Structure formats: structure tokens, C-alpha cells
Amino acid sequence: MSTTLPMPHRLMARHQPRRLRRRPSMRSLLRETQLQASDFLLPIFLVDGEGIREAISSMPGVYRHSIDSCLKLCGEAVARRIPGVLLFGVVPAQCKDAAGSASWASDGLVQRATRAIRERYPDLLVIADACFCEYTDHGHCGVLAADGDRDDPATLENLQRQALSYAEAGVDVIAPSGMVDGMVLAIREVLDAARYERVAILSYAVKYASAFYGPFRDAADSAPSFGDRRAYQMDPANRREAFRELALDLEEGADMVMVKPAMPYLDILRDLRERCDFPVLAYQVSGEYSMLRAAADAGVLELERSVLESLLAIKRAGADAIISYFAIEVVDWLD
Ligand code: PBG
């Protein structure tokens, strides 16, 4: 007995998603997420001196800049319509102490760079990372108590000094990254008391104790001399804890919140996006940068396509903006 096979067209699915994928114009018409220059913030490492553009071995393609060189880089960002920069100061060992007091000097690196950028590029947003690990001789994010644990009340006081000095220098946004409980409220209070109510706070609300910060610690010379940051940064295993961090920081007055790192935590990013109506930013951290760069340098990945895909994924997951060391290159690729 012979069976008749159905005609080939009878086997075809009625719904064919591929109909909408066949032509570039259709794909472009229906694309749900698009990257653009205004999605990005560029992190910049600052060093003292003049005419310095120093390579960072753990982050090929990223440099430490003296203020004049930083201004050139800011010019490149402005030319590409990147809305803002995130500043980190890197100071030599002799400028470090137990409290990180170089971070709140009125003529400190970030403070001077901020004034210079303000004057030259008044429309570029200046965001100052507020932390102490680049300035303390022990490399931890604040003052240490006798038992080696972080002394949070003392750290908060210094954070207020730091925030005030950044505000005086003219920053638009202060971004506390030390995971100190109460840091947002402490900063908001000192800013408001000094009538800097226009300065916004971008809280690193959900910052995991991540191995992906490795290259940054080399770039900023901020690795802890003993121990690690697990006593204040979040356990990578935890999700619900991120919601508590979010709630606390919003209650304390954060204007924007950040998830960090980005790509290994896309689920958290999506969760925060769905749970709050405040802007949610993502930080594609140094390890994410160096990983992609190294894979491309080894001929294993295509740099442009893999970087754009990683950033698209971060935006699709819910990021309103992305802090990325690739920002300048990305805008060139998008053009
Ligand atoms: C300061 C700070 C760090 C990063 C941003 N701010 C380092 C850390 O927490 O160890 C990491 C950024 C990156 O890896 O690109 N506390």
C-alpha cells in the first residue's frame, strides 16, 4: 500500500518569521532596539602632569590622560555627540593615605579636570565617580576600623567632603561607587545644605563583587592591598538583594541607578528596569572591555560585531544609557 506524501507546500508553516527578515530594509524597519551616540558615557582615567597619554597594559586601547590630553578626548566625545564623561583620578603612591584625602582636595585631579572641561565644553556632562579606593594606601573603598573592617560612618563623612568638592568644581552628577550604606542620603544632604540641589546622584546601587573589575584596578591602581571587597559589594549569586538595594537608594534620593557589571547581569538589569521608573544605567566594566578586546586581538572574535552585539544586548535588557570604554569607537562604527 502506498501513501501519498503531502505536496511540499503543505509542509510549510503558515507563520514564517523569516518573511520579515529577508530584506535589509524590512529588518531595519522592524528593529526593536537601536544604539546611538546619545546612549553612551565615556569613562576617563586622569593622571597628573602634562602631555601624558599613558597606555594601560590590561586595557589595550584605553589610556591614562593628563588634563590637557583629557580635554582632547572630551573634544572627540563632543564631536561624536556623546553626552558625557565619567572621571576617575589616578594618583601616585605618595599622594595616598589611610583616608584617601587627596580625593576631596579642592585642587585635586578630578576637581581640576572638571573645571577645565566645564570651561572648554560647557555642554558635556561631567560625572565624578565618588569612591576612595584609588586614593587610599590600603586600596579599600573608605576608612578602615582597627579590625580591618570598613568604618562606614567615618567613610560617609569623607564622602560628603568629596561630594562637596566635586560640586564646587562644577560636576553635573556624582556617582558614588563604594557600596556604603547610606551613601546616597549622605551626599544628597550635604549637597542640599550647600545649595547644590542641581547636582544629580547616579548611584551604583547594584554593584556586584565582580572579578570583571580586574583590569580597572590595574588601570586605577586601586586593588586592595589585603582581602577583597566582598564585605561591601554584592554577592553575584543574589537577585532579590538587588531589589532591596534599589529601594534603599531611591528612598535616599538617588536620581538614577546603575547595575554593574553589565553583560553577566542582564537579568538584574531587566528586573530593575521593570521595577522602577527612574533611569537605569549599565556599566560595561573593564573586564568586559578587555575580554572582547583580547578575543579580537587573538583573532577569535570580530571586534566591531561582537562589541555592538554586547551593547545592543545591554540596551535591550533595559539600560537607558551605557558606560563603556568602547564609546568613541562605537559611535564611529555606527556612523
Ligand atoms: C571604584 C570603582 C571600581 C570600578 C568603578 N568604580 C572598582 C572596584 O569597585 O573595584 C570598576 C570599573 C571597571 O571595572 O571598569 N570603587
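Residues numbered from 1 in each chain as written. Predicted model: local features only at pLDDT ≥ 70, side-chain atom pairs only at ≥ 80, totals over all residues. Heavy atoms only, no water.

A. Just the state of the cysteines, in detail. Counted by the stated rule, this structure contains zero disulfides. With no disulfide of its own, cysteine 74 lies 4.0 Å from the sulfur of cysteine 70, the closest cysteine sulfur. Left unpaired, cysteine 141 is separated from the closest cysteine sulfur, that of cysteine 131, by 3.6 Å. The class of cysteine 141 is buried, set by a relative accessible area of 1%. (Disulfide = S-S within 2.5 Å. Buried < 20%, exposed > 50% of the residue type's maximum accessible area, 1.4 Å probe, protein only.)

B. Just a positive patch on the surface, in detail. A cluster of like positive charges, contributed by Arg18, Arg19, Arg21 and Arg22, occupies part of the molecular surface. The residue arginine 19 is located in the segment before α1 (24-30) in this model. (Patch = residues over 30% accessible without salt bridge, like charges linked within 9 Å, V, L, I, M, F, W, Y side chains within 5 Å. Areas by Shrake-Rupley, 256 points an atom, 1.4 Å probe, with all protein chains shown as cover. Salt bridge = Lys/Arg side-chain N within 4 Å of Asp/Glu carboxyl O. Lys, Arg positive; Asp, Glu negative; His and termini not counted. Charge placed at Lys NZ, Arg CZ, Asp CG, Glu CD. Helix = DSSP H or I, 4+ residues; strand = E, 2+ residues; numbered from the N terminus.)

C. Seen up close, the side chain of serine 222. Take serine 222: it is sitting in the loop between α6 (214-219) and α7 (240-252). Of the residues examined, serine 222 reaches a relative accessible area of 0% and is grouped as buried. Each residue touching serine 222, except ones within four places of it in the same chain, is listed here: Cys133, Glu134, Gly139, Phe216, Arg217 and Arg229. (Contact = heavy atoms within 4.5 Å.)

D. Spatial organisation of the side chain of threonine 33. Inspection of the secondary structure assignment puts threonine 33 in the loop between α1 and β1 (40-46). Not counting chain neighbours up to four residues away, the residues in contact with threonine 33 comprise Leu312, Lys315 and Arg316.

E. Local environment of the packing of helix α9 (residues 286-297) against helix α10 (residues 303-317). At a closest axis distance of 9 Å, the pairing of α9 and α10 adopts a crossing angle of 160 degrees. Looking at the two axes, α9 sits roughly antiparallel to α10. Crossing of α9 over α10 shows right-handed handedness. Between α9 and α10, the residues in contact are Leu292, Arg293 and Ala296 and Leu303, Ser306, Val307 and Ser310, respectively. In terms of residue class, the contact of α9 with α10 is made up of four nonpolar, two polar and one charged. (Axes fitted to C-alpha atoms, helices over the stretch in contact; angles between N-to-C directions. Parallel < 35°, antiparallel > 145°, perpendicular 65-115°, else oblique. Left-handed = near helix turned anticlockwise from the far one by under 90°. Nonpolar A, V, L, I, M, F, W, Y, C, P; charged D, E, K, R; others polar.)

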